[in-house]
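Descriptive structure summary
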Amino acid sequence: MLKNCVAVLDIGSSEVSLIVGQRGVNGTLNVRYIARNKYNGFAECRFFDEKNLEEAVLSCLKTVSEALKTPVDEVYVGVPGAFVRLENRKFKLVFDRKKRITDRDVEDLFSSGREHVDIDGFEIISETDIYFALDDNRKVFHPEGEVSSLLGGYLNYTLCSVYFTKIIRVILDKAKVKIEKFIFDALAESLFLIDEKSRENPSLIIDCGYITTTAAITLGNGIVAKHSEDFGGGIIAYWIVKSFDIDPETADKLQRKLNLSLTKQAEQTYKIENMNGYDEYSVEEVNSAATEAIDEFIENLEAFVIENSSKLRSGLGVYITGGGLSYIRGIREYFSTKLGVPVEILKPEIPSYSKPEEASELSELNYALIEQEKENKKRGFFGLFKRK
């Protein structure tokens, strides 16, 4: 691997990508290369074709290694929400006197919760805080240095399905590639795309892919709750197929032309090219089929938010990201109207990489670089004790 660089394998619902990058000036991201490959995807927490997934991953590794003229021998792996389970717990440590909170105290707090989140069929891939609490009832995000007689915390443990980790490990073992860490994509997005001040209030990030969507309620440095379901651009195309009895390829082209801002006028049509010219489809009828699928998802989304409303102390900021919805003209306004709150499109703010569909890749890259920086700091610290 190139010096100071990390590689991240992102597993989407229709595409696998491998991104290599490093930290740039003033904490920015410097992307060295990205390789992408389409594959058959997954639904209902299962890959459609594991061999097809393997071929896509190995192809990405080969492309990047050839482009950068160096082997990719270690990667971080992004995990879609469909394969993730959250276990959030409240714990506290009580001290015999007031003391200044240290990094070790924070680590002890997390350790006290690990034994309670041992779930069969899952493994812990990250642990972070939604907030910490002190003896004066203050909730803080950075307790280190605070003086208190106790340290409490609402802690977020992210678990990944062993089904997912086993498949990915087998594939990467064949390529002699080491896995540094698994990364929950929604957690990485919340930490990268929403600034720390805004994270003091809860947000709802809707990451919509081609087949699968994950909605995550975020707060502080953690995820309060998540909801995953089979919904996305491909599902909208399927509803269009059913409504017009057309082939999936034509339906996919139609859903990519969607404009929900168009007024309902009989003469308006979407035009799809064919060998003899083009076919025309009523805007009103196509939009009706698409919004039927979208409305079903919004109903499920509202039920998810209501179910978790007791965990929230203020209103939600709502964001759409990913490549399954954000390209649809008028989608932000449509969601705003249905939900009754402002909705924004969330995307990376990086030159040449500022599309919503690039959100998970860039967010995971940022997360991986933070992990690398932590490890380098640890190695530097322990290196002080080595004999010269």
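Along each chain, residue indices are assigned from 1 in the same order as the chain's sequence is written. Totals for whole chains, interfaces and linings use every residue, but because this is a predicted model, local features are given only for residues with pLDDT of at least 70 and side-chain atom pairs only at 80 or more, for both listing and counting. Hydrogens are left out, water is left out, and the side-chain values use all remaining heavy atoms of the structure.

1. A word on the overall build of the protein
Tallying secondary structure elements over the protein gives nine helices and 18 strands in all. Note that the radius of gyration is over C-alpha atoms, with the globule rule given as 2.2 Å times the number of residues to the power 0.38. Relative to the compact-globule value of 21 Å for 388 residues, the protein shows a C-alpha radius of gyration of 23 Å, a close match. Relative accessibility thresholds used throughout: buried, under 20% of the residue-type maximum; exposed, over 50%; partly exposed, between the two (1.4 Å probe, protein chains only). Among the 388 residues that make up the protein, the fraction classed as buried is 51%. Expressed as a percentage of contacts within the protein between residues at least 6 apart in sequence, the contacts between residues at least 24 apart total 66%. The Shrake-Rupley method, run with a 1.4 Å probe, gives the accessible areas here. Residue values count only the displayed protein chains as cover. About 19,300 Å² of surface is accessible on the protein, with carbon and sulfur atoms providing 48% of the total. Every helix listed is a DSSP run of H or I at least four residues long, and every strand listed is a run of E at least two residues long, numbered separately from the N terminus. Only heavy atoms enter the contact rule, under which two residues are in contact if any of them lie within 4.5 Å.

2. Thoughts on the confidence of the model for the protein
Mean pLDDT for the protein: 93, with 96% of residues reaching 70 or above. Across the chain, each position has a pLDDT score giving the predictor's confidence in that residue, from 0 to 100. Here residues 381–385 scores under 50 on pLDDT; set against residues more than four positions off or in separate chains, the count is zero contacts.

3. Side note on the sheet that holds strand S11 (residues 178–184)
The rule for pairing is simple: two strands pair if DSSP sees at least two bridges between them. Read across the open sheet, the five strands follow the order S3-S2-S1-S6-S11; overall the sheet is mixed. Because the sheet does not close on itself, it has two edges, and the strands there are strand S3 (29–38) and S11. Strand-to-strand twist across the sheet, computed as the mean angle between neighbouring axes with direction ignored, equals 25°. Direction of pairing for strand S2 (residues 15–23) relative to S3: antiparallel, over a ladder of nine bridges. Paired with valine 20 across the two strands is tyrosine 33, which belongs to S3. For helices, the axis comes from a line fit to the C-alpha atoms of the stretch in contact; other axes are also lines fit to C-alpha atoms, and the angle between any two N-to-C directions lies between 0 and 180 degrees.

4. Remarks on empty space enclosed by the protein
To find leftover empty space, one rolls a probe the size of a water molecule over the atoms. As defined here, a cavity is a set of points on a 1 Å grid over the protein atoms alone where a 1.4 Å probe fits but cannot get out. A pocket is an open set with protein on both sides within 12 Å along at least five of seven lines, and residues line them when an atom is within 4 Å of a point. Grid points are joined across faces, edges and corners, and a volume is the space filled by probe spheres set on the points. Summed over all chains, the structure comprises one cavity of 30 Å³ or more. Along the walls of the largest cavity sit Met1, Cys5, Val6, Ala7, Glu74, Val75, Tyr76 and Glu180, which together make up its complete lining.

5. With respect to the nonpolar core
Counting 57 residues, the largest nonpolar core has Ile11, Phe47, Leu53, Val77, Phe164 and Leu172 as its most contacted members. Once residues within four sequence positions are removed from consideration, isoleucine 11 is found in contact with Val16, Tyr39, Phe42, Phe47, Leu53, Val77, Gly78, Pro80, Phe164 and Ile168. One finds Ala290, Ile294, Leu325 and Tyr334 within the second-largest nonpolar core, a separate group that totals 44 residues. The criterion is simple. A nonpolar core is a set of buried Ala, Val, Leu, Ile, Met, Phe, Trp, Tyr and Cys residues joined through side-chain atoms within 4.5 Å.

6. Observations concerning the packing of helix H7 (residues 283–307) against helix H8 (residues 331–339)
Viewed as axis vectors pointing N to C, H7 and H8 meet at an angle of 50°, and their least axial separation amounts to 11 Å. As judged from the angle between their axes, H7 and H8 are oblique. Between H7 and H8 lies a crossing whose hand is right-handed. Between H7 and H8, the contacting residues are Thr291, Ile294, Asp295, Phe297, Ile298, Leu301 and Glu302 on the first element and Ile331, Tyr334, Phe335, Lys338 and Leu339 on the second. Side-chain classes follow a simple rule in which Ala, Val, Leu, Ile, Met, Phe, Trp, Tyr, Cys and Pro form the nonpolar group, Asp, Glu, Lys and Arg form the charged group, and the remainder, Gly included, forms the polar group. Considered class by class, the residues forming the contact of H7 with H8 number eight nonpolar, one polar and three charged. Angle categories are assigned with fixed cut-offs, so that under 35 degrees is roughly parallel, over 145 is roughly antiparallel, 65 to 115 is roughly perpendicular, and the rest are oblique. Two helices that cross are described as forming a left-handed crossing if the nearer one is turned anticlockwise from the farther one by less than a right angle, and a right-handed crossing if clockwise.

7. Observations concerning the pairing of strand S14 (residues 222–229)
Both faces of the sheet carry side chains from a regular strand, because those side chains alternate between them. With six of eight residues buried, S14 is to be regarded as a mostly interior element. Counting the residues that bridge the hairpin from strand S13 (residues 213–219) to S14 gives two residues, and of these glycine 220 lies at a positive phi of roughly 60°.

8. Some thoughts on the packing of aromatic side chains
Aromatic contacts are taken between Phe, Tyr and Trp rings whose centres are within 6.5 Å, Trp giving its six-membered ring; a plane angle under 30 degrees counts as stacked, one over 60 as edge-to-face, and the others as tilted. For the structure on display, the rule yields 15 aromatic pairs. Ring centres of phenylalanine 110 and phenylalanine 132 lie 6.3 Å apart, and the angle between their planes is 90°; on these two criteria the pair is classed as edge-to-face. Of this pair, phenylalanine 110 sits in helix H2 (residues 103–114) while phenylalanine 132 sits in strand S8 (residues 122–133), placing them 22 residues apart in sequence. A relative accessible area of 7% places phenylalanine 110 in the buried class. Arginine 46 extends its terminal NZ or CZ atom over the ring of tyrosine 163, reaching a point 3.9 Å from the ring centre. Sitting over a ring, as applied to charges here, requires NZ of Lys or CZ of Arg to be within 6 Å of the ring centre and within 35 degrees of the ring normal.

9. Here we look at unusual backbone geometry
Peptide bonds are, in most cases, trans, and in most cases residues other than glycine have a negative phi. If you check the backbone angles, asparagine 4 has positive phi at about 65° while not being a glycine. Mapped onto the elements, asparagine 4 comes out in the segment before strand S1 (5–11). For asparagine 4, a relative accessible area of 47% gives the class partly exposed. We note that asparagine 137 has phi near 70°; this positive angle belongs to a residue other than glycine. Tracing the backbone through its elements, the reader meets asparagine 137 in the loop between S8 and strand S9 (139–140). A relative accessible area of 67% means that asparagine 137 is categorised as exposed.

10. So, the packing of helix H1 (residues 50–68) against helix H3 (residues 162–174)
At a minimum axis distance of 10 Å, the contact between H1 and H3 shows a crossing angle of 50°. When the axis of H1 is compared with that of H3, the two are oblique. When the axes of H1 and H3 are compared, the crossing they make is right-handed. Contacts from Glu50, Leu53, Glu54, Val57, Leu58 and Leu61 in H1 reach Tyr163, Ile167, Ile168, Ile171, Leu172 and Lys174 in H3.

11. Quick notes on the pairing of S13
Counting buried positions along S13 gives seven out of seven residues, so the element sits mostly inside the fold. With burial as the criterion, each face of S13 is covered, one bearing Thr213, Ala215, Ile217 and Leu219 and the other bearing Thr214, Ala216 and Thr218. Pairing between strand S12 (residues 203–208) and S13: six bridges, direction antiparallel. Bridging from a neighbouring strand, aspartate 207 pairs with threonine 214 of S13. With antiparallel pairing between neighbouring strands as the criterion, S12 and S13 make up a hairpin whose turn holds four residues. Examined bridge by bridge, S13 and S14 share seven bridges and lie antiparallel to one another. Within S14, the position partnered with isoleucine 217 by the bridge is alanine 225.

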